[in-house]
Amino acid sequence: MVYSTFLHIRLSTVSVLFFSLSLSLSVPPLCAQQSGQAIVHGQVKDAGGLPVEFAGVFIKNTQKGAQTDRNGNFSLSVAPGKIILCVQSMGYVPFEQQAELKPDERRHFHIALEEQATGLDEVVVEAKSPVQRVKESSFNVVAIDAKSLQNTTLDLAHAMSRVSGVKIREAGGMGSDLQFSLNGFSGRHVKFFLDGVPMDGMGASFRINNIPVNLAERIEIYKGVVPVGFGADAIGGAVNIVTNKQRRTFVDASYSYGSFNTHRSSVNAGYTTEKGFMVELNAFQNYSDNSYYIENAVKDLETGQINSNKTERIKRFHDTYHNETVILRTGFVNKPFADRLLVSLNIGKTYKETQNGVRQDIVYGQKHSKGQTLMPSLQYVKRNLFVEGLEVNLTANYNKNLTHNIDTATCEYNWRGESKYNNGKIGEQNYQDSKYENKNGNTTFTANYRINSHHSFVVNNVLSSFNRNTRVTPNDANIVATDTMPKVSLKNVTGFSYRLNFDNQWNVALFGKHYLQHSKGPKETSGDTSHPKYEIFSETFTAMGYGIAGTYFYKDFQGKLSYEKTCRLPTDNELFGNEELERGSTGLKAENSDNYNVSLSYNKDFDKTHFLYIDAGYILRNTKDYIRRVTDSYSGKYFASYINHGYVRNVSLEGELRYSYKNIVTAGVNATTQNIRDNAPETMGTSASTTYKARIPNIPYFFASGDIEIVRRNFIRKANHLSFGYNANYVHEFPLYSERHGSSSKRVVPTQFSHDIQITYTIANGRYNLTAECKNLTDEKLYDNFSLQKPGRAFYIKMRYSANFLNR
């Protein structure tokens, strides 16, 4: 379930896995006493006298710690002197006791923990601070507690789909093309970051619909105005995926299996020594046949005709997808020369079969692609560098991504899987047996100087480069002219901001940005779609942006107001395509936008029993040269491409209501309406536009979601919990084509109302978890892009093992 910035982190959502690995990772043996050291040992029980298993026992302000065994026993070897012994366990009030120890002393403690009234206090102490800091910023931002979702089968994209204003649009099942929409702006209008580092160019294996939610600690969604610290050229907002950076030793492993032969697994493990050396592994894989049923008209291969009035229920037969990703990270933390000095290596691999084109009546039976990604990176973070209050963060990475597109079939297919020799033609769409190599470089530098509690400054610079090489056989008669032409892009975004904080009652941020982009690549110049002609086109673009954002607190209310004049530079895919189903548009202009954001929220905790959160937001965007994805035909084949669409006006309203009772029931509902209109009275500056003031087609304009979760604590035995969750999604029908274009305007993507349920059983306060899910319970027909049908009813089961070990 999703939580906004203003919500307490839920402890209840859990789902599950039993690994034999747990046997070897259980509580370490009692420590041996070293000469001169003292021993702290004892037993932890609850108020009823029962042992508390897996409680964290540690010495405050040190890295000395352990976990209690199944009998509640613990033992620690510590330095003599004054100590504060701390004990924490989920569902209990944190315990602290001071003591003074002599050398070689053995001190025994009998500790009784009191149960919390709500079960939330401990989490507020441990994890709410970063979320609270996000909340108190002047930007319109929502934070999702990813930890509460880590027992589900959700990826990062679908974890965000339950936030107001967010719509995830997919072309099919696992591995399909995905567009992330935030308050009506989608795709590349919204920028993504991993711990503040741009994710552009990280490769197909590291897309947000491939990354398991287990990788994240929280997800920050900035609606509209984006802080300078991200260095983003975004007009639609930004998403920052925050991973866990705590110095710790841990293991988190999960596996899920479900419908359409779908497998997902992930392993996250880390080890940190007392001297600050750390090593970490993150690995995940996804696999699915995507063999779900759809309804569609079927082509008669003998006559070549399609009876669109007659549809059949057919099974997708060429849509397998899998990806594997490994991230290795090592370095030093909390050292005098650096708070974090890390090097990492990302390795990824993908395989994707292409079942259909940009329209569902276009069927392929052999077309597929492969990809490989290799990305080394470096991160350096230092607080109080040279002077107190100055923090610098430098990251650099280089990504080499190789993609192999294969389309060499000599026959055509229909939806029944039948095939027919294609009269000597090679390639189902266009002949392809080519490899293209994307080389992406990125350097991000951020300096944050906090003068005092009232004044702070941020300077940020992001430099990114892109270069694509296409590998083809010189004697190949099917070489396309664009294959041998350069495709190069260089971007630089520099930002500066000043923040004034007045007694924690209000704060305001002023900022400015400078944008630069140089691009070079093929551009179609003939206008003849049957026989296109390309020439090398080069362009350099610069612009300035600026804005202001403020927030004010009054009792349980918080208001936010912001304005930004910004621009968005065309992405590499928009400029150069993907060498498959998307064509590049090298002459695209940068988008320019004036963004206004207003929001008001009410956040009330009634005696730690009832909690109410209400939020309402208004967003206005006036955008010039809006970049829109369209479908067109070149040489008799359908492709997706991008165009500048004059002026677009977007007015969006959203609201959210959430309520929780203790840690037993949590429920919420949110809704979004967005009115995106063509605001250009003329086409190409000459003739009157037939779509002036009309809705931009193929974009949902009203959608909503709701969820409820009920938790039974201490089910069957102590520290075991059972939870039941329900989630509903509603999308109102929306036009597929412009409402002004005659009979075609009657074609709509129909209203959709889907339901998901899940049940989770957690053992030993979350160490072992088991979850069962049903998605699309009523088998609703779901559509997104150009009426491409998505999977029907599906069942999944997930097992998860998770353990944290306090360093000694």
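Values in this document were obtained by computation on a predicted structure and should not be read as measured data.

### Points about the overall build of the protein
The number of helices and strands found in the protein is four helices and 46 strands. At a minimum sequence separation of 6, the contacts of the protein that also span at least 24 residues come to 68%. Per element, the accessible surface of the protein, about 34100 Å² overall, is 55% carbon and sulfur.

### Observations concerning the environment of Thr 443
Examined against the element boundaries, Thr 443 turns out to sit in strand 26 (residues 432-450). Owing to a relative accessible area of 35%, Thr 443 belongs among the partly exposed residues under this scheme. A sequence separation of 49 residues divides Thr 443 from Leu 394, and the C-alpha atoms of the two residues are 7.5 Å apart. Apart from the residues lying within four places of it in its own chain, the contact partners of Thr 443 are Leu 394, Thr 395, Ala 396, Asn 461, Val 462 and Leu 463.

### Description of a nonpolar patch on the surface
Nonpolar side chains collect at one region of the surface, where Tyr 271, Phe 277, Val 279, Phe 332, Phe 337, Leu 341, Val 343 and Leu 378 lie side by side and expose about 670 Å² of accessible area between them. Among the secondary structure elements, those contributing two or more residues to the nonpolar patch are strand 17 (277-288) and strand 21 (338-353). Structurally, the position occupied by Val 343 is in strand 21.

### Notes on the side chain of Ser 562
Here Ser 562 shows up in strand 31 (residues 557-568). Sequence-distant contacts of Ser 562, defined by excluding residues within four places in its chain, comprise Val 225, Ile 548, Ala 549, Asn 595, Tyr 596 and Asn 597.

### Things to note about the sheet that holds strand 5 (residues 81-88)
Backbone hydrogen bonds hold the strands of a sheet together, and the pairing may be parallel or antiparallel. With antiparallel pairing, four strands are arranged side by side in an open sheet as 3-2-5-6. Lying at the two open borders of the sheet, with one neighbouring strand each, are strand 3 (65-67) and strand 6 (95-101). Between one strand axis and the next, the sheet turns by 20° as a mean value, whatever way the strands run. Of the pairings in the sheet, the one linking strand 5 to strand 6 comprises seven bridges and is antiparallel in character. Residue pairing for strand 6: Gly 81 is matched across the bridge by Leu 101.

### Topic: the sheet that holds strand 14 (residues 237-242)
Judged by pairing direction, the sheet is mixed, and its five strands sit side by side in the order 8-13-14-11-12 without closing on themselves. The open sheet has two free edges, formed respectively by strand 8 (141-145) and strand 12 (197-198), since each of these has just one partner strand. For strand 13 (residues 218-223) and strand 14, the ladder comprises six bridges, and the chain directions are antiparallel. If you follow Ile 221 over to strand 14, its bridge partner there is Val 239.

### Examining the pattern of salt bridges
Side chains carrying opposite charge are able to pair once their charged atoms draw close together. Within the structure shown, the criterion is met by 25 salt bridges. A salt bridge links Arg 107 to Glu 105, with the shortest nitrogen-to-oxygen separation between them at 2.7 Å. Here Glu 656 ties to Arg 658 by a salt bridge, and the two come within 4.0 Å at their closest N and O atoms. Overlapping salt bridges, with partners in common, bring together Glu 217, Arg 218 and Glu 220 in one network.

### Remarks on the confidence of the model for the protein
When pLDDT is averaged along the protein, the result is 83, and 86% of the positions lie at 70 or above. Mean pLDDT across the elements of the protein ranges from a minimum in helix 1 (residues 21-24), with 34, to a maximum in strand 45 (residues 768-775), with 96. Predicted confidence for residues 1-32 stays below pLDDT 50, and this span has 134 contacts to residues more than four positions away or in other chains. Long-range and interchain partners of residues 117-129, a stretch whose pLDDT sits below 50, account for 28 contacts in this model, where long-range means more than four residues apart.

### Here we look at the environment of Glu 437
Assignment of secondary structure puts Glu 437 in strand 26. A relative accessible area of 6% places Glu 437 in the buried class. Sequence-wise, Glu 437 and Thr 403 are 34 residues apart; in three dimensions their C-alpha atoms are separated by 6.4 Å.

### Let's talk about the pairing of strand 11 (residues 191-194)
Neither face of strand 11 is open: one carries Lys 191 and Phe 193, the other Phe 192 and Leu 194, and all of them are buried. With four bridges joining them, strand 11 and strand 14 adopt parallel strand pairing. Looking at strand 14, one finds that Leu 194 is bridged to Ile 241. Sheet topology places strand 11 next to strand 12; two bridges connect them, and they run antiparallel.

What counts, and where the lines are drawn
- Residues numbered from 1 in each chain as written.
- Predicted model: local features only at pLDDT ≥ 70, side-chain atom pairs only at ≥ 80, totals over all residues.
- Heavy atoms only, no water.
- Helix = DSSP H or I, 4+ residues; strand = E, 2+ residues; numbered from the N terminus.
- Contact = heavy atoms within 4.5 Å.
- Areas by Shrake-Rupley, 256 points an atom, 1.4 Å probe, with all protein chains shown as cover.
- Buried < 20%, exposed > 50% of the residue type's maximum accessible area, 1.4 Å probe, protein only.
- Patch = residues over 30% accessible without salt bridge, like charges linked within 9 Å, V, L, I, M, F, W, Y side chains within 5 Å.
- Salt bridge = Lys/Arg side-chain N within 4 Å of Asp/Glu carboxyl O.
- Pairing = 2+ DSSP bridges.
- Axes fitted to C-alpha atoms, helices over the stretch in contact; angles between N-to-C directions.
- pLDDT = per-residue confidence, 0-100.

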